[in-house]
Amino acid sequence: MEACGPPNSKWLSIPAHTKSVNALELFRDVVFTGSGDNNIGCWDIQNGKLKRTYVGHDGFVSSLAFVGGKLFSAGYDRAVGIWDVEAGKLIRSAKIHAGPVTHVRSSHNENLLLSGAWDKVVRLWDLRNNARQNLGFADVERTHSDAVLSISIRDHEMYCGLYNRTIELSDLRKAGVLAVFKGHAEYVTSVALHRDMLYSGGHDGRVYQTPLTSSYGGDVDLTDVGTVCVDTADSIFAVQLTESPHGPVVLSGHMGYLLATPVSKSASCQAEQVRYPAHSGQQIFSLCVRGPTTALTGGNDGMVIGWGIKPPPWAPPAAAQPASPPPAPDAADVAEETSEANDARRRAAEKLHDFVAQALLARLSVQTAAAEALAVESAHPPPSPPRTPSPPPQPLVEEDESKAQVVEESKTAVVEEKQTSKPVAPAAPQRSASVREPSKRVGGGFVRQGSTTSVTSPGSSPAARRKAPAATASKSTTPSASSTGGGGGGAKAPSAAAKVAPGARGVKLS
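Predicted, not measured: the structure shown is a model, and the values here were computed from it. (Residues numbered from 1 in each chain as written. Predicted model: local features only at pLDDT ≥ 70, side-chain atom pairs only at ≥ 80, totals over all residues. Heavy atoms only, no water.)

Caption draft 1: Quick peek at the packing of aromatic side chains. Within this structure, the stated rule accounts for 11 aromatic pairs. Look at Trp-118 and Tyr-163: their rings are 5.4 Å apart centre to centre, the planes differ by 50 degrees, and that puts the pair in the tilted class. With Trp-118 in the loop between strand 11 (112-117) and strand 12 (121-126) and Tyr-163 in the loop between strand 15 (157-162) and strand 16 (166-171), this residue pair connects regions lying 45 residues apart in the sequence. Relative to Phe-285, the ring of Phe-237 lies with its centre 5.2 Å away and its plane at 80 degrees, an arrangement referred to as edge-to-face. Taken as a pair, Phe-237 in the loop between strand 22 (227-231) and strand 23 (238-242) and Phe-285 in strand 27 (residues 284-290) lie far apart in primary sequence, 48 residues in all. The class for Phe-237 is partly exposed, based on a relative accessible area of 25%. (Phe/Tyr/Trp six-rings, centres within 6.5 Å; stacked < 30°, edge-to-face > 60°. Helix = DSSP H or I, 4+ residues; strand = E, 2+ residues; numbered from the N terminus. Buried < 20%, exposed > 50% of the residue type's maximum accessible area, 1.4 Å probe, protein only.)

Caption draft 2: Main features of the side chain of Ser-62. Tracing the backbone through its elements, the reader meets Ser-62 in strand 6 (residues 61-67). A residue is classified by how much of its surface remains accessible, and Ser-62, at 13% relative accessible area, is buried. At 2.6 Å, the side chain of Ser-62 and the backbone oxygen of Val-101 are in polar contact. Contacts of Ser-62, omitting those with residues within four sequence positions, involve Asn-22, Ala-23, Ala-74, Gly-75, Tyr-76, Val-101 and Thr-102. (Polar contact = N/O pair within 3.5 Å; in protein donor to acceptor, adjacent residues only side chain to side chain. Contact = heavy atoms within 4.5 Å.)

Caption draft 3: Representation of the sheet that holds strand 10 (residues 101-106) within the structure. As summarised here, the arrangement of the four strands in space is 10-11-12-13, forming an open sheet in which the pairing is antiparallel. Edge positions in the open sheet fall to strand 10 and strand 13 (141-143), since each of these has one partner strand only. In this sheet, neighbouring strand axes are inclined to one another by 20 degrees on average, regardless of whether the strands run parallel or antiparallel. (Pairing = 2+ DSSP bridges. Axes fitted to C-alpha atoms, helices over the stretch in contact; angles between N-to-C directions.)

Caption draft 4: Highlighting the pattern of salt bridges. Throughout the structure, instances matching the rule amount to six salt bridges. Across the salt bridge formed by Arg-173 and Asp-171, the nearest N and O atoms sit 3.1 Å from each other. What makes Arg-173 exposed here is its relative accessible area of 60%. Look at Asp-171 and you get buried, because its relative accessible area is 6%. Taking the shortest distance from any N to any O, the salt bridge between Asp-219 and Lys-182 comes out at 3.4 Å. Separated by 37 residues along the polypeptide, Asp-219 in strand 21 (residues 218-221) and Lys-182 in strand 17 (residues 177-182) bring together distant segments of the chain. (Salt bridge = Lys/Arg side-chain N within 4 Å of Asp/Glu carboxyl O.)

So this is what it looks like as structure tokens:
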């Protein structure tokens, strides 16, 4: 049976006894229950039905152990009983203790059975083959400083939880106590060994995790060498360990609930505890586990409850342990910060509201002023500026007639001058703003419009041209014609030096 229900659920509930269930022992598909009604029950955990009842103790049954096909029981009648499970009969009962027997536990190799009692004595039972025939008891005992309430064994080492709030370490091979662990504030009700750790639970509501070494001797302070895994205000009567892929998980029975605490080297033991409410608020007296997710509890209400323990992904692996989250802020600080943030947001909103209101008012005032100015302008329009009269149009016809008259007079003067004048040396050109006409070929050369450059006839020689100035100097200048410029003004006739060769235009048009 690995798991009989979904994780984190209650999958079995059996009203097993009329009084408290003080002991539980799982074997295959059945669970044995030891009760305060002095009886032992055998229950089918698949359907929750009773298979058999074992009657034989005169006091309530405090502890059970299934070893080598036999069921061993401890009772407050100072007896240890041996039962035939199949027949349901008591094989033998021996009152070998002087006080109520509180605990029975076998060694891992099932060669020994140990019983502890209120008489401060632990007796060793020899379960080897030569002793199983008569089921005899060994004459070996270990005396402790106070009543023995719980026992756990590893090889030849025995750890006993005592009523005087200590844990004593003994060697089964020799008498005496090797070390005494102190630290619990109340009596130690349960001790369990897992890997290389000792887990001890007490009536003070604490579970200590203590590493096991061979160097312990004398008095050992649990607060120095151990760690508090569980710290509650509710008494603990049962502690068991279950394994997970990420580490062990401590299961502890309290007043009204089962507590699961993951144990990790890189995280606090109480970081991810899970609480399972149970037994109508009454004390859990017994606890047994099988596999990583199956647990059963017995309580003072006479009930047996099966639990599907939540798988431990909530116990992170040591190598992938995430960073611890920051501590939660105090509620008062959070409220104060929230109030300050709200005040800041309110002030910012008020400022924004004022800014928007001012912008809207400014825009409204500008629009109002523009509307008023437009109304005033519409009511009193400005006077129109006086128009400047356009100048009268120029008499284009008269100007054309005047220019034509000037051209005609110039032609007449040129003809007359050809008839009377002789060739002269070229004079300095006179430029005016007169209207130029295209160059015309005259004789053997060209006369350019607007210039007085003379071109000699083809028959004149260089010697004659050198004598020409002297000949022309003796002549007086006579006006050849009077001309009128384009603007109506007169122009003087050219001098003798300005005369041109026959056939050339020498009069400039103005």
